[in-house]
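Observations on the model geometry
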Amino acid sequence: MFPFAPYVVKSLWRHRARTILTVSGTAVALLVFCFIGSVQKGLLALTEDQEAGRTLIVFQENRFCPQSSKLPQDYASTIAKLPGVTDVVPIKVFTNNCRASLDSIVFQGLPAEKLKQWRELSLQSGDWGSFEGQDDAALVGQAVAGRRNLAAGDKFTIGDVSVVVKGIFASSVAAEDNLVFTHLDFLQRTRGVNEAGTVTQLEVHLADNADPEAVAAKIDAEFHSGPVATTTRTKGMFQADTVSDLAELIGFVHWLGYACVGLVLSLVATTTVMAVQDRIKEHAVLQTLGVRPLGVFRLVIAESLLLTVIGGVLGVVGSMAFLYSTGLSVAAEGVTIAFRPSWDLAGQGILIAFVVGLIAGLAPGWQAAQSQIVAALRHG
Amino acid sequence: MSLVEVINVTKEYANGEETIRPLDGVSLTIEQGDFASLMGASGSGKSTLLNLIAGIDLVTSGEIIVADTDITRLSRGKLADWRAANIGYIFQTHNLIPVLTAYENVELPLVLLPMTAAERRKRVQIALEAVDLTSRATHYPRQMSGGQEQRVGIARAIVANPTIVVADEPTGSLDDETTEQILELLGRVNQELGMTLLMVTHDADAGSRAKRRIRLERGRLIENGQETSVHTLRTA
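What you are looking at is a predicted structure, and each value in this text was computed from that prediction instead of being measured. (Residues numbered from 1 in each chain as written. Chains lettered and ligands numbered in written order. Predicted model: local features only at pLDDT ≥ 70, side-chain atom pairs only at ≥ 80, totals over all residues.)

Note: interface size is frequently given as the accessible area lost on complex formation between the parts. Across the boundary between the two partners, chain B contributes 19 residues, which contact 19 residues of chain A. By residue number, the principal contributor to the side of chain B that touches chain A is helix α2 (residues 76-86) of chain B, which donates six residues. Its residues assigned to classes, the side of chain B that touches chain A shows eleven nonpolar, three polar and five charged. (Contact = placed C-beta atoms within 7 Å. Helix = DSSP H or I, 4+ residues; strand = E, 2+ residues; numbered from the N terminus. Nonpolar A, V, L, I, M, F, W, Y, C, P; charged D, E, K, R; others polar.)

Structure (structure tokens):
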């Protein structure tokens, strides 16, 4: 065991204001780092998972916001006959906000049997039967339910859409935890308009041997001269295109994550340099008593590590607790990017805190270890 | 063989373009159980000589042999290990670690040595009893008087039962009454515990408490306090 542990802890506590400020600065930086990391993971999951590459989304040509895409629902039966297609799911989408927002509510109306077949939902409360049996019933994703404090049996209204919560679900796809599923025909007829027969998008499921790009081209060619032309992309590409502005922003924010790491490095290095300069004589006394130069180096590194690891753990735990409890997501044009906290990310955050602590302590540790004892004893 | 042999030691350092030589070819020996005072005016080289014998400064030339180890040939790391096992250092301003209690300060040299926790506890208790400070074991330096701090410093210096205890002006920052107590305590360390003591002082009264007086002037030995020089010993 490290015999100087009490000395290291007490030395940090001696300058508690400085220590607390450094630890909190580290914690905030790691908190931001984890937020950025989790939204990046959410974006990655949206565009790169296997299902995203094997499912096609048919959307109205040159339309972006789900409110403006209106495809004839009977396109589904035409598409279903194309080679390589195993099923087509008509989906009506309604969102209260087409712009990028942290509190968008996205409704997706699907035929109940298709919802059951193609979405891996696990009901946390409520029951499937009562959803199927009621026209204005809704299954609410756990993240939305958490944010809006909803429970089975509640009635809520967003925009002109009023639904009764018949179940709260958890999905295997994190982004779906931010959706509200309703019956297709309910969403087509609500808000005082009759959009029966039109859908926002068609979700096309492919056979294992089908070439997604070839099928997409066939679908667009089929309707090229029809009443509504289509644009068909893989689900991943569709989502990436839809949130492209947001993705660009998230890509930029990625650099802010690195900036946070740099900030911690300079913050902790400054604190450690100050601590070493304050204790030049004390380190000389320790060396006089027989602590090796390497031992002094280790003491300084230990202090620096303790600062970053405590700050890192606080920041990581804080961010994970917040992200898990709020189910935060950001949505644009009906596509949601769920913040995805994970053990991986937590481990990465703590590892970064550790490495930064190590690096921040190197120069001051070396300086402390190299000092001449006699000269240092005359100091201050 | 003597406990400490200082053989033709010179110490130089550069100050700009000028070379300062605080010690110039000093040779002396210190025997086991000695209580020697190292005296001289400011700048005579007495503290430099003490620091060289304590292994916290490096000679420019010459040899210092302590208990058969030529410490001038040791690397910095080995020298630190050697100090931990062989040197008890009493500072003028006691230099206790402010965040540690009296007990923890005294225990500090022992955590560097291979020793069980029980053995450490026992030794710290004995050292604190020797300086009559068991009741202050849990006190921090800021909660003690200057004299008490210096006694903790002495306990810290003797706790590991070192080969030699060196003291650099141990009463330099104390009042007369406390100086008397500390000198008495150092005398007991030498007589009752049998420890070899080398004390730098510029105070003639303090110096007279030692069994032997060594005097330096401008980096040279002018009074050895004994008849036989180390060169005589070597050639005999």
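What follows picks up the thread again.
Before going further, it helps to examine the sheet that holds strand β2 (residues 18-30) of chain B. Residue and element names in this part refer to chain B. The sheet built from four strands is open, its strands ordered β2-β1-β4-β5 with antiparallel pairing. At either margin of the open sheet sits one strand with a lone partner, and together these are β2 and β5 (69-70). The pairing of strand β1 (residues 4-15) with strand β4 (residues 61-66) spans five bridges and is classified as antiparallel. Across the sheet, I7 pairs through a bridge with E63, a residue of β4. Contacting β1, β2 and β4, helix α1 (residues 46-53) runs over the sheet at an angle of about 120 degrees to β1. (Pairing = 2+ DSSP bridges. Axes fitted to C-alpha atoms, helices over the stretch in contact; angles between N-to-C directions.)

With that settled, the discussion passes to helix α11 (residues 244-278) of chain A. Taking 1.5 Å of rise per residue, 35 residues should cover 51 Å, and α11 of chain A covers 51 Å from first to last C-alpha, within 8% of that figure. Among the residues of α11 of chain A, A247, C260, V264, L267, V268, T271, T272, A275 and V276 of chain A are the ones counted as buried. (Expected span 1.5 Å × (residues − 1). Buried ≥ 20, exposed ≤ 12 C-beta atoms within 10 Å, placed from the backbone.)

Residues and elements named next belong to chain B. With respect to topology, six strands assemble into an open sheet ordered β6-β7-β8-β3-β9-β10, the strand pairing being mixed. The open sheet is flanked by β6 (87-90) and β10 (220-223), the only strands paired with a single partner. Across the sheet, the mean angle separating the axes of adjacent strands is 25 degrees when strand polarity is ignored. As paired strands, strand β7 (residues 164-168) and strand β8 (residues 196-200) are joined by five bridges and run parallel to one another. In the sheet register, A167 faces β8, and the bridge partner there is M199. Sheet strands in contact with helix α5 (residues 146-158) are β6 and β7, and its direction is about 170 degrees off that of β6.

It is a general feature of regular strands that their side chains alternate between the two faces of the sheet. Residues and elements named next belong to chain A. Among the eleven residues in strand β8 (residues 161-171), eight count as buried, and that is most of the element. Note that strand β5 (residues 121-126) and β8 share five bridges and pair antiparallel. Counted as the bridge partner of L121 is S171 from β8. Strand direction decides the pairing type here: strand β6 (residues 137-141) and β8, joined by five bridges, are parallel. Paired with L139 across the bridge in β8 is G167. Pairing of strand β7 (residues 155-158) with β8, which is carried by four bridges, proceeds in the antiparallel orientation. Directly across from K155, in β8, lies its bridge partner V164.

Keep in mind these numbers describe shape, not what the thing actually does.
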